[in-house]
Amino acid sequence: MNPIDVIPLPAFDDNYIWLLRTEGTPDCVVVDPGDEDPVLAYLEAQDLQLTAMLITHKHGDHTGGVKALKQHWPRAVVYGPAHEPVSSLDRRLEDGAEISLLQGKMNLRVLDVPGHTEGHIAYHGDGLLFCGDTLFAGGCGRVFSGTFEQLSDSLRRI
Ligand SMILES: [Zn+2]
């Protein structure tokens, strides 16, 4: 069994922000917080503390809540792609980087998956994959600042 709970927080009209937590610690992690409000509401209701944010790519609907969340949780570490213009990152991650979260209970590896954007990354490990706008349950993301060839290669990698 996977010890990590993956909780979808509804955001905007048609999206989710993934929140990750595990038993025995108030720590939690969010992936691509495009909006701070649903995250703040959940953290307050559940009495949790934000310790990390994982960013997959530069688009505003994936990064828009970072600054406000960092103001509330200044010790939360913001991880993101090395090769995208994302401000507010504390750690810029290259392909193959490994990060340990939730007091060592979750370990994820970074995978370069350019195509939707030129520097898009995904995080995988512990049976989980957070791939931003690269791959969806019913299709793949649009090509914005990457190329079709890159996206094709990235989907093959996943
Ligand atoms: Zn996007």
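This text goes with the structure placed above it.
Read on for a plain summary of the structure. (Residues numbered from 1 in each chain as written. Predicted model: local features only at pLDDT ≥ 70, side-chain atom pairs only at ≥ 80, totals over all residues. Heavy atoms only, no water.)

## A closer look at the nonpolar core
Nonpolar side chains tend toward joint burial in soluble globular proteins. One finds L19, V30, L50 and M53 to be the most contacted residues of the largest nonpolar core, which totals 21 residues. Of all the secondary structure elements, the ones that give two or more residues to this core are β1 (4-11), β2 (15-22), β3 (27-31), α1 (37-46), β4 (49-54) and α3 (66-72). The next biggest cluster of nonpolar side chains, apart from the first, holds 19 residues, and it includes L20, L54, I121 and Y123. (Core = buried A, V, L, I, M, F, W, Y, C linked by side-chain atoms within 4.5 Å. Buried < 20%, exposed > 50% of the residue type's maximum accessible area, 1.4 Å probe, protein only. Helix = DSSP H or I, 4+ residues; strand = E, 2+ residues; numbered from the N terminus.)

## A few points about the coordination of the zinc ion
Protein coordination at the zinc ion comes from H57 (NE2), H59 (ND1), H116 (NE2) and D133 (OD), with a distance range of 2.1 to 2.3 Å. Coordination at the zinc ion is irregular: its four donor atoms span angles of 93 to 163° at the metal. Mapping the donors of the zinc ion onto the primary sequence gives the spacing H-x1-H-x56-H-x16-D. Residue H116 is found in the loop between β8 (106-112) and β9 (121-125), and its partner D133 is found in the loop between β10 (128-130) and β11 (135-136); the two are separated by 17 residues along the sequence. Like D133, H116 is buried. (Donors = N, O, S within 2.8 Å, 3.2 Å for Na, K, Ca; no water. Tetrahedral: all angles 85-135°; square planar, octahedral: opposite > 155°, others 65-115°.)

## A closer look at α1
Structurally, the α-helix is built with 3.6 residues per turn, so residues lying three or four positions apart point the same way. When α1 is considered as a whole, its buried residues turn out to be P38, V39, L40, Y42 and L43. Each element contacted by the buried residues of α1 is listed here: β1, β2, β3, β4 and α3. (Contact = heavy atoms within 4.5 Å.)

## Here we look at a nonpolar patch on the surface
Together, V6, Y16 and W18 make up a nonpolar patch on the protein surface, roughly 280 Å² of accessible area in all. With respect to the helices and strands, the residue Y16 is situated in strand β2. (Patch = residues over 30% accessible without salt bridge, like charges linked within 9 Å, V, L, I, M, F, W, Y side chains within 5 Å. Areas by Shrake-Rupley, 256 points an atom, 1.4 Å probe, with all protein chains shown as cover. Salt bridge = Lys/Arg side-chain N within 4 Å of Asp/Glu carboxyl O.)

## Brief notes about the sheet that holds β9
Taken in spatial order, the four strands of this open sheet run β7-β8-β9-β10, and their pairing is antiparallel. The sheet is open, and its two edges are formed by β7 (98-101) and β10, each paired on a single side. Each adjacent strand pair in this sheet contributes to an overall mean axis angle of 25°, direction not counted. As judged from the four bridges shared by β8 and β9, these two strands associate in the antiparallel manner. Its bridge partner lying in β9, D112 is registered against I121. (Pairing = 2+ DSSP bridges. Axes fitted to C-alpha atoms, helices over the stretch in contact; angles between N-to-C directions.)

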